[in-house]
Amino acid sequence: MQVDIGPITRIEGHLNVKTTVENGVVTDARCEGEMFRGFEIFLRGRDPLDSQQITQRICGVCPYAHAIASSTAQENAYRLQVPPNGRILHNLIQGANHLYDYLLHFYQLCALDYVDITAVLEYTGKDRELSKVRDWVKAEIDSGKRYPAAPFLPRLSGKYLDNRDANLGAIKNYLEAMKMEQKANQAAAIFGGKFPHATAIFPGGCTQEARVDLIVPYQSLIREVRDFIHHKYIPDVLAVAGAFPEYWDIGRSQGGFLSYGHLPLGPEPDSRRLLAPGVMFDGQVEAVDFNQIRQDVGNAKYSSPSNLRVRDAAITPQPNKRDAYSWIMAPRYAGQVVEVGPAARVMVDYAQGHNPEIKKLVDRFAGQAGIQPTQLNSVLGRHLSRAILAAVLADFLLAESQRLQPGQPTMASIDPPASAEGFGATEASRGALLHYIRIENYKIAKYECVVPTTWNASPRDDQGQPGAMESALIGTRVNNPEEQIESKRIVRSFDPCLACAVH
Ligand code: NFE
């Protein structure tokens, strides 16, 4: 039978997934990005120095990543020498935003697939927050709304946590996580100017100063978030893993893994990174070569030529293209499908033995769960990878903030040339993000973004290979083919952002 499981809720943007289910197993899945935006078209002809502002509007969740990728592409094009403070401030802003994003993803976007929200209906204690949630949940369920806005509706059939105290504790943490997400973004805004869409991130550094009266509140906010990560977030992820161990084997993508490496440790473009870059096939990691990235449009709604390199990219929408089923292009690395995102970041780093903290935490948690690190490309693996990254990142940001040199420059001076080109690569929360800019006569002649969810939620490529998320869905056993809580757990584990994917 054919079942559309979209629109998928608790993700960003418009995604449908068409599935075919036979004998209780998903035998085919097609991810359909359902709208077109056209940033790369309307960037043409504009002042390049506006691009880090304009591209941030691709997304309200990961705007800093776009700002950093755009700034880095321009730094590369203008051959800027970024001062150490400038690079550190980029890291402090983007890193704090990742902490927000990991917590948001686990609690607000995914937890209600596992936590039994109806446990709160029996709550009779004195906690005011839980009492308020109880009354709201009851009112929403009783309303019988056809199009509910409550994130826990429609409540799908399936197994949920069955321990009352564990459910109530997780609901409390869901509420507290929102306060922590606010703190993480407050920390980012201290240097970024505001959230979303930072005004201070600029090619060459940051327009904010490195001042002690900014560093101290930044550290204090990150410390609070760090405590929550260790005392609530990691234990909650492990509790879900303990109750749903089958999800170490569910939702595994077929293909390789790509990470650009995250957070440069120095001002030079080729500095070592906190997390190592690389592309991994069959456990072997190679250096990333942007020339190996090509985008197929055989099944995407574009009439542009297919299989173009990033610097040759073209975009011509063709809404009625026959048999094309998505507005998302299909990027491939050397013709192969890769998964990007937190699991790819961790696996690529771990395979190279690069970051000792990553190794320690992967070994500890994989050992506790009785899984192999190669199983991180699973539903639970993606959740655990985010939790591990959050712990490593929080410590790094505290140390990094101490490396700021108060009173020293935070910006390079800029004199953009008439013609230039540059690449800027970073890791957004959802994975590898690449911007390319070509400038002619002081104007943007070409701008191209190859975005995390474009990789993960891509349609079939010209060879017919399914994208990472499609491949993760195919083969899944589903108890209720109409609802498919299992498939939705898989899709949400990728944290797709369709706003970004179709940009
Ligand atoms: Ni719109 Fe974005 C994606 C991330 S790209 S959320 O996909 O992370 O920077």
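An unreviewed UniProt entry lists the protein under the name Nickel-dependent hydrogenase large subunit, with Desulfurivibrio alkaliphilus given as the organism. Heading Sequence similarities (unreviewed entry) of the UniProt record for the protein holds this comment: "Belongs to the [NiFe]/[NiFeSe] hydrogenase large subunit family." Comment text from UniProt for the protein, heading Subcellular location (unreviewed entry), reads "Periplasm".

Enquirer: Whenever I open this one, the pairing of strand E16 (residues 431-440) confuses me. Can you help?
Expert: As a general feature of sheets, a regular strand has side chains that alternate between the two faces. In terms of burial, E16 is largely enclosed, as 8 of its 10 residues are buried. Bridge count for strand E15 (residues 420-428) against E16 is 9 bridges, and the pairing is antiparallel. Counterpart to Gly422 in the pairing with E16 is Ile437. Note that E16 and strand E17 (residues 443-450) share 7 bridges and pair antiparallel. When the sheet's bridge partners are listed, Leu434 is paired in E17 with Val450. In this structure, the hairpin formed by E16 and E17 is closed by a connection of 2 residues, where Asn441 is found at a positive phi of approximately 55°.

Enquirer: Before we go on, may I ask you to explain the coordination of the nickel atom of the ligand in this structure?
Expert: Under ideal tetrahedral coordination, the four donors around a metal are separated by 109.5 degrees; under ideal octahedral coordination, the six donors are separated by 90 or 180 degrees. Looking at the metal site, the nickel atom of the ligand is ligated by Cys59 (SG), Cys497 (SG) and Cys500 (SG), spaced 2.3 Å from it. Coordination at the nickel atom of the ligand is tetrahedral: its 4 donor atoms span angles of 104 to 112° at the metal. Counting along the primary sequence, the residues that act as donors to the nickel atom of the ligand give the motif C-x437-C-x2-C. Taken as a pair, the nickel atom of the ligand and the iron atom of the ligand lie 3.1 Å from each other. With a relative accessible area of 1%, Cys497 lands in the buried category. Judged by relative accessible area, which is 3%, Cys500 ranks as buried.

Enquirer: What's the story with the sheet that holds E17 in this structure? I'm lost.
Expert: Hydrogen bonds along the backbone pair up the strands of a sheet, which may run parallel or antiparallel. The 3 strands are arranged E15-E16-E17 in an open sheet whose pairing can be described as antiparallel. Of all strands in the sheet, those bounded by a partner on one side alone are E15 and E17. On average, each strand axis in the sheet is inclined to that of its neighbour by 15°, with strand direction left out of account.

Enquirer: Can you walk me through the domain arrangement of the protein in this structure?
Expert: Interface extent is often summarised as the accessible area lost during association of the parts. Domain annotation for the protein reports domain 1 (37-115 + 166-291 + 330-475 + 490-494) and domain 2 (117-154). Taking only C-alpha atoms, the centre of domain 1 and the centre of domain 2 are 33 Å apart. Taken residue by residue, the interface counts 9 residues in domain 1 and 10 residues in domain 2. The three residues of domain 1 that bury the most area against domain 2 are Leu168, Ile171 and Lys172, which together make up 51% of that side's buried surface. Our count for the domain 1 to domain 2 interface comes out at 3 salt bridges. With a closest N to O distance of 3.0 Å, Lys179 and Glu129 form a salt bridge. For the interface between domain 1 and domain 2, the tally reads 4 residue pairs in polar contact (both at pLDDT 80 or more). A class-by-class count of the residues in the side of domain 1 that touches domain 2 yields 6 nonpolar, 1 polar and 2 charged.

Enquirer: Just to check I follow, could you spell out the site of the ligand for this structure?
Expert: Surrounding the ligand, one finds 13 residues, the nearest of these being Cys59, Cys62, Thr453, Cys497 and Cys500. Measuring from an oxygen atom of the ligand, one finds a side-chain N or O atom of His66 at 3.2 Å. Arg430 places a side-chain nitrogen or oxygen 2.8 Å from an oxygen atom of the ligand. Elements represented by at least two residues in the shell around the ligand include exactly helix H3 (63-78) and helix H11 (452-456). Each residue belonging to the shell around the ligand can be placed in one class, and the counts come to 9 nonpolar, 3 polar and 1 charged.

Enquirer: Would you take a moment to explain the packing of aromatic side chains for this structure?
Expert: Given two aromatic rings, their pairing is described by the distance between the two centres and the angle made by the two planes. Counted under the stated rule, the structure contains 19 aromatic pairs. Geometrically, the ring pair formed by Phe191 and Tyr218 is tilted, given 5.4 Å between the ring centres and 50° between the ring planes. In this pair, Phe191 sits in helix H6 (residues 164-192) while Tyr218 sits in helix H7 (residues 212-243), placing the two residues 27 residues apart along the sequence. Overall, Tyr218 belongs to the buried group, its relative accessible area being 0%. Judged by centre distance (5.8 Å) and plane angle (90°), the rings of Tyr260 and Phe290 are edge-to-face.

Enquirer: Looking at this structure, how should I read the UniProt feature "binding site: Ni(2+)" (unreviewed entry) in the protein?
Expert: The feature "binding site: Ni(2+)" (unreviewed entry), as annotated in UniProt, sits at Cys59 and Cys497 in this numbering. The greatest C-alpha distance among the annotated residues, which extend across 439 residues, is 8.4 Å, indicating that they converge on a single site. Positionally, Cys59 belongs in the loop between helix H2 (51-54) and H3. The buried category is assigned to Cys59, whose relative accessible area is 3%. With residues up to four places along the chain from it excluded, the contact list for Cys59 reads His66, His197, Cys497 and Cys500. By the secondary structure assignment, Cys497 is in the loop between helix H13 (485-494) and helix H14 (498-502). For Cys497, the contacting residues outside a window of four places in its chain are Glu12, Cys59, Arg430 and Thr453.

Enquirer: What should I look at first to understand the pattern of salt bridges in this one?
Expert: When charged atoms on two side chains of opposite charge get close, those side chains can pair. All told, the structure shown has 32 salt bridges when counted by the stated rule. Of the charged contacts, one joins Arg211 and Glu209 as a salt bridge, the two residues approaching to 2.8 Å between their closest N and O atoms. A salt bridge links Asp363 to Lys359; the nearest nitrogen and oxygen atoms lie 2.6 Å apart. Remark: Lys359 and Asp363 occur in helix H9 (residues 356-369); sequence separation between them is 4 residues, near one turn of the helix. Residue Asp363 is classed as partly exposed on the basis of its relative accessible area, which comes to 33%. Because the salt bridges share partners, they merge into one network encompassing Asp28, Arg30, Arg460 and Glu470.

Enquirer: Looking at this structure, I do not really get unusual backbone geometry. What am I missing?
Expert: Cis peptide bonds are those with omega within 30 degrees of zero, and the linkage from Leu153 to Pro154 qualifies with -10°. Within the secondary structure layout, Pro154 lies in the loop between helix H5 (128-143) and H6. Residue Pro196 is reached from Phe195 by a cis peptide bond, and omega for that bond is -10°. Along the chain, Pro196 turns up in the loop between H6 and strand E4 (201-202). At Asn441, a residue that is not glycine, the phi angle is positive and equals roughly 55°. For Asn441, the location among the structural elements is in the loop between E16 and E17. On the basis of relative accessible area, Asn441 is assigned to the exposed category, the value being 61%. Its identity is not glycine, yet Asp495 carries a phi of approximately 55°, on the positive side. Inspection of the secondary structure assignment puts Asp495 in the loop between H13 and H14.

Rules and cut-offs
- Residues numbered from 1 in each chain as written.
- Predicted model: local features only at pLDDT ≥ 70, side-chain atom pairs only at ≥ 80, totals over all residues.
- Heavy atoms only, no water.
- UniProt positions renumbered as here; feature names shortened; annotations may be inferred.
- Buried < 20%, exposed > 50% of the residue type's maximum accessible area, 1.4 Å probe, protein only.
- Helix = DSSP H or I, 4+ residues; strand = E, 2+ residues; numbered from the N terminus.
- Pairing = 2+ DSSP bridges.
- Donors = N, O, S within 2.8 Å, 3.2 Å for Na, K, Ca; no water.
- Tetrahedral: all angles 85-135°; square planar, octahedral: opposite > 155°, others 65-115°.
- Axes fitted to C-alpha atoms, helices over the stretch in contact; angles between N-to-C directions.
- Domains from an automatic or database assignment.
- Contact = heavy atoms within 4.5 Å.
- Buried area = accessible area lost by both parts, 1.4 Å probe.
- Salt bridge = Lys/Arg side-chain N within 4 Å of Asp/Glu carboxyl O.
- Polar contact = N/O pair within 3.5 Å; in protein donor to acceptor, adjacent residues only side chain to side chain.
- Nonpolar A, V, L, I, M, F, W, Y, C, P; charged D, E, K, R; others polar.
- Near = heavy atom within 4 Å.
- Phe/Tyr/Trp six-rings, centres within 6.5 Å; stacked < 30°, edge-to-face > 60°.

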